[in-house]
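Notes for the structure review
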Amino acid sequence: MTTTKFYTCKYDRPFKELFLNPNNEDLLIALLEEILKVKINKVEIKNIETINGNIHIRKKYFDALVYTNNSKIEIEVNTEAEELVNPRNMSYICNIYQNHTLSGDTYDEDTDIIQINLTYGLEDKEKMRIYKVQDESGKEFVKNFKIIEINMDKYKKMCYSSNKISLLSILNLDKLELKDLSKKDRMVKKYMDELERVNKNPELIEYMTHEEDERKKYNTRMKLAEEKGLANGMKKGLEKGMEKGINQSKIEIAKNLLNKKVDISIIADTTGLSIEELNKLS
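Residues numbered from 1 in each chain as written. Predicted model: local features only at pLDDT ≥ 70, side-chain atom pairs only at ≥ 80, totals over all residues. Heavy atoms only, no water.

**Brief notes about the sheet that holds strand β5 (residues 71-78)**
The following threshold applies: Should DSSP find at least two bridges between two strands, the strands are regarded as paired. Starting at the N terminus, helices and strands are each numbered in turn, a helix being any DSSP run of H or I of at least four residues and a strand any DSSP run of E of at least two. Pairs of residues are marked as contacts when any of their non-hydrogen atoms sit within 4.5 Å. Axis definition: a line fitted to C-alpha atoms, over the contacting stretch in the case of helices. Angles run 0 to 180 degrees between N-to-C directions.
Strand order in the open sheet formed by 6 strands is β1-β4-β5-β6-β8-β7, and the pairing between neighbours is mixed. Unpaired on one side and paired on the other, β1 (44-45) and β7 (128-131) mark the two borders of the sheet. Strand direction decides the pairing type here: strand β6 (residues 112-119) and strand β8 (residues 145-151), joined by 7 bridges, are parallel. The residue bridging L118 from the neighbouring strand is I150, located in β8. Across the face of the sheet, helix α2 (residues 25-36) comes into contact with β1, β4 (64-68), β5, β6, β7 and β8 while running at roughly 100° to β6.

Here's what the structure looks like:
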């Protein structure tokens, strides 16, 4: 008997579908308040696509970009703690800092620029680390730049450890685990209901199936390379190939959805491709 795959918010696409839905603003605020330890009254979800202005540099797609009263917050969901994750994410948050600095009339540090990394597979004893730009004595170069790295595997172990349930601790729970906890907490119940809704979206399932297939191919090739002692030499090439393969999968999915007359904005949200790129496919 085959069971239907249930995608949790360990993956970026379900995370975006759930937390960036305007109807779930309360869940997003609760998650940010838990991480940042500040009261948030209102959030504004921004378009995740940024354009560099340099045609030779590929466009960057954030998992989530949220504005509050005095902060711009980028959220990245990292399914694995791969070597490429930190340099890639650093380029994203620096791009946001640059764009914020260029958009104002003055150089100031009144708006906090924050990146939150929800990372799985970290080999780290700490639940959370906060990185800043500072010297060896702790003197900050700028006061409004911060990267928060969250060890998601550590948080998952905490979901039954206190009366107040942490949203961070449930992002990678399956249906049965969520059902048990939802009886004790209203927010967990809403999260579970919304995640079930997301998992009924056929476009999301099609996207996730393609992405998982590419990752499995990559892992298989790396395993074979390691067995033959070729892992170090092949790693870069395989990573480039994997990225190209995932992008090709997105294009195939987009073509499929365009043929089915699905709204182009929905296709853009589902695949991460821009409207301009989709128009070239139609």
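Further notes follow.
**Side note on the pairing of β5**
Put simply, the rule reads: Burial classes follow relative accessibility: with a 1.4 Å probe on protein chains only, a residue under 20% of its type's maximum area counts as buried, one over 50% as exposed, and anything between as partly exposed. Classification remark: right-handed applies to a crossover when, strands pointing away from the viewer, the course from the first strand over the helix to the second runs clockwise.
Summarising burial for β5: 8 of the 8 residues are buried, a large majority. With burial as the criterion, each face of β5 is covered, one bearing S71, I73, I75 and V77 and the other bearing K72, E74, E76 and N78. What sits between the antiparallel neighbours β4 and β5 is a turn of 2 residues. The sheet contact formed by β5 and β6 spans 8 bridges and is parallel. Looking at β6, one finds that S71 is bridged to D112. Handedness of the β5-helix α3 (residues 85-103)-β6 crossover: right-handed.

**Considerations on the pattern of salt bridges**
Oppositely charged side chains can form a pair if their charged atoms are brought close together. Our working rule: Within this document, salt bridges are pairs made up of a side-chain nitrogen of Lys or Arg and a carboxyl oxygen of Asp or Glu, the two lying within 4 Å of each other.
For the structure on display, the rule yields 8 salt bridges. A salt bridge links E25 to K42; the nearest nitrogen and oxygen atoms lie 3.6 Å apart. Placement of E25 in helix α2 and of K42 in the loop between α2 and β1 is noted, with a sequence separation of 17 residues between them. With relative accessibility at 49%, the residue K42 sits in the partly exposed group.

**Some details on the packing of α2 against helix α6 (residues 186-198)**
The cut-off we apply is this: Roughly parallel means an angle under 35 degrees; roughly antiparallel, over 145; roughly perpendicular, 65 to 115; everything else is oblique. Crossings are classed by handedness, with left-handed meaning an anticlockwise turn of the near helix from the far one by less than a right angle and right-handed meaning a clockwise turn. Side-chain classes follow a simple rule in which Ala, Val, Leu, Ile, Met, Phe, Trp, Tyr, Cys and Pro form the nonpolar group, Asp, Glu, Lys and Arg form the charged group, and the remainder, Gly included, forms the polar group.
α6 packs onto α2 with a crossing angle of 120° between their chain directions and a minimal axis gap of 11 Å. Comparing their axes, α6 and α2 come out oblique. Both α2 and α6 take part in a crossing whose hand is left-handed. Two secondary-structure elements touch here, α2 through D26, L27 and A30 and α6 through R186, M187, K190 and Y191. Across the contact of α2 with α6, the residue classes tally to 4 nonpolar, no polar and 3 charged.

**Comments concerning the packing of aromatic side chains**
Definition in use: Between the rings of Phe, Tyr and Trp (Trp by its six-membered ring), a pair exists once the centres lie within 6.5 Å; its type follows the angle of the planes, with under 30 degrees stacked, over 60 edge-to-face, and the other angles tilted. Two conditions define a charge located above a ring, namely a distance within 6 Å from the ring centre to NZ of Lys or CZ of Arg, and an angle within 35 degrees of the ring normal.
Scanning the entire structure with this criterion turns up 4 aromatic pairs. Ring geometry for Y97 and F145: centres 5.8 Å apart, planes at 65°, overall edge-to-face. One end of the pair, Y97, is in helix α3; the other, F145, is in strand β8, with 48 residues separating them in the sequence. For Y97, a relative accessible area of 18% corresponds to the buried category. For F145, a relative accessible area of 8% translates into the label buried. Members of the aromatic cluster, connected to one another through ring pairs, are F15, F19 and Y191. Across the ring face of Y155, the terminal group of K127 is positioned such that the distance to the ring centre comes to 5.5 Å.

**Observations concerning helix α1 (residues 12-19)**
For α1, the buried fraction is high: 7 of the 8 residues fall into the buried class. Listed in full, the buried residues belonging to α1 are D12, R13, P14, F15, K16, L18 and F19.

**A word on the pairing of β8**
A regular strand carries its side chains on alternate faces of the sheet. Among the 7 residues that make up β8, 6 are buried, leaving the element largely enclosed by the rest of the structure. Where β7 meets β8, 4 bridges bridge the pair, whose relative direction is antiparallel. Along β8, the bridge assignment pairs M128 with I150.

**Some remarks on the confidence of the model for the protein**
The cut-off we apply is this: The predictor attaches a confidence to each residue, and that confidence, scored 0 to 100, is pLDDT.
Confidence along the protein averages 82 in pLDDT terms, with 78% of residues attaining 70 or more. Long-range and interchain partners of residues 50-59, a stretch whose pLDDT sits below 50, account for 15 contacts in this model, where long-range means more than four residues apart.

**Quick word on the side chain of Q115**
Worth spelling out the cut-off: The term polar contact refers here to a pair of N or O atoms within 3.5 Å; inside protein, the definition further demands a hydrogen-donor-capable atom paired with an acceptor-capable atom, and it admits residues adjacent in sequence only when both atoms are side-chain atoms.
Here Q115 lies in strand β6. According to the relative accessible area criterion, Q115 is buried, its value standing at 1%. A polar contact is formed between the side chain of Q115 and the side chain of E74, at a distance of 2.7 Å. Not counting chain neighbours up to four residues away, the residues in contact with Q115 comprise E74, E76, N89, Y92, I93, K146, I147 and I148.

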